[in-house]
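Fold and geometry: a report
Spelled out, the chains give:
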Amino acid sequence: MRGCHALALEAALSCVAIEPLRESAHCAVVAVHPAEHNVVEAVRHNEAFRRLLREELGLEPSWNRRPVCPACSRGS
């Protein structure tokens, strides 16, 4: 199953590279990391995206209302 998660992460990161402000792409990255037992990476990516949205658009991700990864809701 690890191969499927790696492919999903690769696809999600490719989407982020193409559309850096697309929330669904970042949501996919944050969702895949815990499946690979990388919760810290999920939290790190969540925080980086939150900073990007604040700096670029003055917004917060909509998943702050319904976190994709429970660990990502800490400190929100």
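To be clear, the structure that these remarks concern was listed above.
Here is a short report on the structure shown in this document. (Residues numbered from 1 in each chain as written. Predicted model: local features only at pLDDT ≥ 70, side-chain atom pairs only at ≥ 80, totals over all residues. Heavy atoms only, no water.)

Examining the overall build of the protein chain
Here is the rule: By definition, any uninterrupted DSSP run of H or I lasting at least four residues is a helix, any uninterrupted run of E lasting at least two residues is a strand, and each is numbered from the N terminus. Buried means the residue's accessible area, taken with a 1.4 Å probe over protein chains only, is under 20% of the maximum for its type, while exposed means over 50%, and partly exposed covers the values in between. Throughout, a residue-residue contact means that at least one pair of heavy atoms, one from each residue, lies within 4.5 Å. Residue exposure ignores everything except the shown protein chains as possible cover, and the areas themselves are Shrake-Rupley values with a 1.4 Å probe.
Looking only at helices and strands, the protein chain features three helices and zero strands. The order of α-helices and β-strands along the protein chain, N terminus first, is α-α-α. Taking all 76 residues of the protein chain together, the buried fraction comes to 29%. By sequence separation, contacts in the protein chain at least 24 residues apart represent 51% of the contacts at least 6 residues apart. When the accessible area of the protein chain is evaluated, it comes to approximately 4,800 Å², of which 59% is carbon and sulfur surface.

Examining the packing of helix H2 (residues 23-35) against helix H3 (residues 39-57)
For the record, the criterion: As a rule, the C-alpha atoms of each element are fitted with a line to give its axis, helices using only the stretch in contact, and angles between N-to-C directions run from 0 to 180 degrees. Any angle that falls under 35 degrees is termed roughly parallel, while one over 145 is termed roughly antiparallel, one within 65 to 115 roughly perpendicular, and all others oblique. Each crossing gets its hand from how the near helix is turned against the far one by less than a right angle, where anticlockwise is left-handed and clockwise is right-handed. Residues are grouped as follows: nonpolar covers Ala, Val, Leu, Ile, Met, Phe, Trp, Tyr, Cys and Pro; charged covers Asp, Glu, Lys and Arg; every other residue, Gly included, is treated as polar.
H3 packs onto H2 with a crossing angle of 160° between their chain directions and a minimal axis gap of 7 Å. The pairing of H2 with H3 is recorded here as roughly antiparallel in orientation. Taken as a pair, H2 and H3 cross one another with a handedness that is left-handed. Only Val39, Glu41, Ala42, His45, Asn46 and Phe49 of H3 make contact with H2, whose side of the interface consists of Glu23, His26, Val29, Val30, His33 and Pro34. Partitioning the contact of H2 with H3 into residue classes produces six nonpolar, four polar and two charged.

Focus: the pattern of salt bridges
Using the following cut-off: In what follows, salt bridge is the name for a side-chain nitrogen of Lys or Arg lying within 4 Å of a carboxyl oxygen of Asp or Glu.
This model, assessed by the stated rule, comprises four salt bridges. Glutamate 41 is the salt-bridge partner of arginine 44, the closest N and O atoms lying 2.5 Å from each other. Of this pair, arginine 44 and glutamate 41 both sit in helix H3, three residues apart, which is roughly one turn of that helix. Residue arginine 44 is classed as partly exposed on the basis of its relative accessible area of 48%. The partner of glutamate 60 in a salt bridge is arginine 50, and the shortest N-O contact between them spans 3.1 Å. Separated by 10 residues along the polypeptide, glutamate 60 in the segment after H3 and arginine 50 in helix H3 bring together distant segments of the chain. Owing to a relative accessible area of 7%, arginine 50 belongs among the buried residues under this scheme. Through salt bridges with shared partners, a single ionic network connects Glu47, Arg50, Arg54 and Glu60.

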